[in-house]
Every structure is written in C-alpha cells, then in structure tokens.
Amino acid sequence: MRSLVMLSLALLASTVFAQDKPWQSIGREATPAEIKAWDIDVRPDFKGLPKGAGSVAMGQQVWEAQCASCHGVFGESNEVFTPIVGGTTAADIARGRVKNLEPGNNYPQRTTFMKAATVSTLWDYINRAMPWNAPKSLKTDEVYGVLAYMLNLAEIVPADFTLSDRNIAEVQQRMPNRNGMVFHEPLWKVSGKGDVSNTACMKDCPTEAKVRSSLPDFARDAHGNVLEQNRVVGPVRGADTTKPPRSAPVGSGPAPAPVVVAAAPAATKAATDGPDVKALLTSNSCTACHGVSNRIVGPGFTEILAKHKGRADLEAYLATKIKAGGSGVFGAVPMPPQPQLKDADAQAIARWIAAGPK
C-alpha cells in the first residue's frame, strides 16, 4: 500500500513539473523582422536614430499637406490642440532654460518647445505617432524635414537649414529647455537610494485649495459629453459635461453611474447594401476627428447632416467634400483631403450621413 502511495505521489509530482509552464504552448517568439518593426525608439543620445536628412523647405510642404489641419500653418494650432511654438526667446536658447517656465512667470500657454528638453523626443514622437490619422506613414526624410520646419518656426535653426542624423546633436545644444529636465534619482536609477527619509514632505499645507483656472460654461460641452468618450473599464471617468460643474469636492458625492455602450445589432445585407461604412470610417481614421453626434476635431456627422440637410445634391456634395477636403464651413480648422478613398467608398459614407448617421 505504501509503495502504491509513493508511486502515486511520484506520478503527481512529475505531472505538476511537466505542466508548471502552461504558457509555453501559447504563441511563439517574435521574429527578428517583427522586433525590428517595433524597435523604433530614439534615445536622447540618438541611439536608434536612422540615417536621413530633410530641409526646412521640404518639411514645410509635408507640414502644410499633413500637419497644418491640426497644428496650424505656423504651429499656432487650433481650438483643440495646444500651440507648438511660442514662449521661448533667444536668451532661452543661449542658456538652455525657458524663462517663462520659472516660478513667478505667467505665460498664458505652455507650448511644445517651451517644455521639450530633447530634440530626440520630438523626432521619435513625429515618427511613431504622426500624422494623427495615419501614424508611421511618414518617410524618414519627411520626419527630418517636418522637425526641421518646426525648429525653424521656433527660431532654433535658419530657414535654409537641412536637419540630418549628422547634425542633430548640434541642434540639441540649441534647444531652449535642454537644461530644464530634472533627474530624480530614485525614479530613474535602479541602484539609487529611494526617497524614504521624507525630506521633501510638505508642512503647513493650506487646508483649502484655490482654483486657478476653469472652463467657461459655453465651452463645457463643446466637444460632446466627456463622460461618454471614456473607456468603460479602468479608474478614469470624465466629467458629465451635459450637467453644471460640481459645487463640492470630487468624491464627496455619489459616484456617477458607469456608461455602458450597448453593442449594435448585426446589420443585414439589405440594410447595409454596400461597403461596411463603420469599417470605412475606422480604417480611414475618420473617427479620429469626427464623432457620430459629438465634435472632436471636426464636427459630428449629425452636425454635418443638420448643416446641409435640404440640399438636392446632398450625397454628391458630401462625397466631393470627403475626397477634396476644405475649410471654412465649420470654422477655421481645415479638413485634409482623403484622396486614398475610392469614389464608391466616399459615396457610401456620404449616403450613410445623408440617411441619418447612427
């Protein structure tokens, strides 16, 4: 009997050890090509920066075609995005510290070039995330050119400058806030001593907070209800902008009910009768700028319908605007053209808007 028990235990142990890593049968190791496609970050020491070059003039052409619709022709941006340039001076470039960021200065807006300490950060972000509706679509030389144009707008490089992997380190020495980055050792250095002595703790703290900025009532719901635009998982919840702002501190009242977005019922072929419009909107990044009923960068689709409802040529007009782009109809923010759309797809989107977007 004892031998049988020992044998059973031995078999159980061997089974456990054989199954102690069940995840080994899930997936596979990434190939070198797959790793290379993701390993595109550029460090402050410029490790990872690809070879290439782009002039200010070339960058301006790319900028006006693909960047200006959100960031303005001169980096002034629009009502959605904050300005890229402004707030820096020749004195800041000389000393590497932005005066307007120091205590006591009340510059109205913190721009990108006021805050950015490393030019590699700008190169890396443009390369991996821009343009918003087609990230990673810029060629390497175009990234250099766009960054050169931005640097020229900030008066860091002259108008005839060509930025390249060979001279970008020299440009770093002219970044207005290059000496403004604070290195906190416990956060960055693994072997560093943690801040456990509480030497940075505050004392005599004020018991009441003072609100230094607020959102005007007319702008509170300008881009749709923020609460409905948050993911339904996780701790972050946006304010319900359809209601007045809180009069009591956050957390003192009942928690808002979670917003649950019900899945749309599957459409029949007869109902769609053509391309999947929702898929077209997603694949062409239309929803990055337009909500169904809420404004994001551009107007919501229902707002577009309301603006033009009653036109005899509504579908043809909308299809043309979708392909050609334009500005002035809904304000100063232009809509970039969408030449990649097939005529049939543009007409399908126009038909969907004209029928009442849902």
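Just above, that's the structure.
Residues numbered from 1 in each chain as written. Predicted model: local features only at pLDDT ≥ 70, side-chain atom pairs only at ≥ 80, totals over all residues. Heavy atoms only, no water.

Side note on the overall build of the chain
Keep this limit in mind: In this text, helices come from DSSP runs of H or I with a minimum length of four residues, and strands from runs of E with a minimum of two, each type numbered from the N-terminal end. The contact definition used throughout considers only heavy atoms, calling two residues in contact when any of these lie within 4.5 Å. Only the protein chains shown count as cover for residues, with accessible areas throughout obtained via the Shrake-Rupley method and a probe of 1.4 Å.
Counting its regular elements, the chain contains 15 helices and two strands. Put simply, 58% of the contacts in the chain that link residues at least 6 apart link residues at least 24 apart. Per element, the accessible surface of the chain, about 24100 Å² overall, is 58% carbon and sulfur.

Examining the environment of Gly224
Locating Gly224 in the fold gives a position in the loop between helix 10 (185-188) and helix 11 (269-272). Once residues within four sequence positions are removed from consideration, Gly224 is found in contact with Gln229, Thr241, Asn294 and Arg295.

Re the pattern of salt bridges
Where we set the bar: Should a side-chain nitrogen of Lys or Arg be within 4 Å of a carboxyl oxygen of Asp or Glu, the pair is scored as a salt bridge. Categorising residues by exposure relies on relative accessible area from a 1.4 Å probe, with only protein chains included: less than 20% of the type maximum marks a residue as buried, more than 50% marks it as exposed, and the intermediate range marks it as partly exposed.
Tallied over the full model, the rule gives nine salt bridges. In this structure, Arg128 and Asp124 form a salt bridge, with 2.8 Å as the shortest nitrogen-oxygen distance. Here the residue Arg128 and the residue Asp124 both occupy positions in helix 7 (residues 119-129), the gap between them amounting to four residues, near one helical turn. In this structure, the salt-bridge partner of Asp240 is Lys243, at a minimum N-O distance of 3.7 Å. Residue Lys243 is classed as exposed on the basis of its relative accessible area, which comes to 53%.

Describing helix 7
An α-helical turn contains 3.6 residues, so any two residues separated by three or four positions project in the same direction. A large share of helix 7 lies buried, amounting to eight of its 11 residues. Every buried residue belonging to helix 7 is among Val119, Ser120, Leu122, Trp123, Asp124, Ile126, Asn127 and Ala129, and all of these are buried. Those residues of helix 7 that are buried lie in contact with helix 6 (112-115), helix 8 (140-153) and helix 9 (168-172).

Side note on the packing of helix 13 (residues 301-308) against helix 15 (residues 343-354)
Two quantities define a packed helix pair, namely the angle between the helix axes and the distance between the axes. Test applied: Interaxial angle, 0 to 180 degrees, is taken between N-to-C directions of lines fitted to C-alpha atoms, where a helix line uses only the stretch in contact. Every angle not falling under 35 degrees, over 145, or within 65 to 115 is termed oblique; those three ranges are roughly parallel, roughly antiparallel and roughly perpendicular. Only Asp, Glu, Lys and Arg are considered charged in this grouping, and only Ala, Val, Leu, Ile, Met, Phe, Trp, Tyr, Cys and Pro are considered nonpolar; every other residue, Gly among them, is considered polar.
Between helix 13 and helix 15, the shortest axis-to-axis distance is 9 Å and the interhelical angle comes to 75°. Comparing the axis directions of helix 13 and helix 15 gives the class roughly perpendicular. Between helix 13 and helix 15, the residues in contact are Phe301, Ile304 and Leu305 and Trp352, Ile353 and Ala354, respectively. Residues that form the contact of helix 13 with helix 15 fall into these classes: six nonpolar, no polar and no charged.

As for the packing of helix 3 (residues 56-66) against helix 8
In contact at an axis separation of 7 Å, helix 3 and helix 8 are set at 100° when each is read in the N-to-C sense. Classified by the angle between their axes, helix 3 and helix 8 sit roughly perpendicular to one another. Only Asp141, Glu142, Gly145, Val146, Ala148, Tyr149, Met150 and Asn152 of helix 8 make contact with helix 3, whose side of the interface consists of Val56, Met58, Gly59, Gln60, Val62 and Trp63. Class assignment for the residues of the contact of helix 3 with helix 8 results in eight nonpolar, four polar and two charged.

Observations regarding the nonpolar core
Inclusion rule: The set of buried Ala, Val, Leu, Ile, Met, Phe, Trp, Tyr and Cys residues whose side-chain atoms join them within 4.5 Å is what this entry labels a nonpolar core.
Judged by nonpolar contacts, the single largest core of 36 residues is most densely connected at Phe113, Leu151, Ile156 and Leu163. Where this core is concerned, the elements lending two or more residues are helix 3, helix 7, helix 8 and helix 9. Among the elements that take part in this core, helix 8 stands out by supplying eight residues, more than any other. Ignoring any residue separated from it by four or fewer positions in sequence, one finds Ile156 in contact with Ile93, Phe113, Leu151, Val171, Arg174, Met175 and Pro176.

Some words on the side chain of Asn127
Tracing the backbone shows Asn127 in helix 7. Classification of Asn127 by relative accessible area gives buried; the value is 14%. Residues contacting Asn127, with those up to four places away along its chain left out, are Ile40, Lys136 and Val143.

Considering the side chain of His308
Topologically, His308 is positioned in helix 13. Overall, His308 belongs to the buried group, its relative accessible area being 10%. When residues no more than four places from it in sequence are discounted, the contact partners of His308 are Leu314, Tyr317, Leu318, Val329 and Phe330.

Quick look at the packing of aromatic side chains
How we decide: Any two of the Phe, Tyr and Trp rings considered here, Trp counted by its six-membered ring, make a pair once their centres fall within 6.5 Å; the pair's planes then place it as stacked at under 30 degrees, edge-to-face at over 60, or tilted in between. When the NZ atom of lysine or the CZ atom of arginine is within 6 Å of a ring's centre and also within 35 degrees of its normal, the charge is said to sit over that ring.
Summed over all chains, the structure comprises four aromatic pairs. When the centroid spacing of 5.4 Å and the interplanar angle of 90° are considered together, the rings of Phe81 and Trp132 count as edge-to-face. Taken as a pair, Phe81 in the loop between helix 4 (68-71) and helix 5 (90-95) and Trp132 in the loop between helix 7 and helix 8 lie far apart in primary sequence, 51 residues in all. Where Phe301 meets Trp352, the ring centres are 5.3 Å apart and the plane angle is 75°; that geometry is what we call edge-to-face. Of the two residues, Phe301 is situated in helix 13 and Trp352 in helix 15; the sequence distance between them amounts to 51 residues. The buried category is assigned to Phe301, whose relative accessible area is 4%. Above the ring of Tyr317, the side-chain terminus of Arg311 is found at 3.9 Å from the ring centroid.

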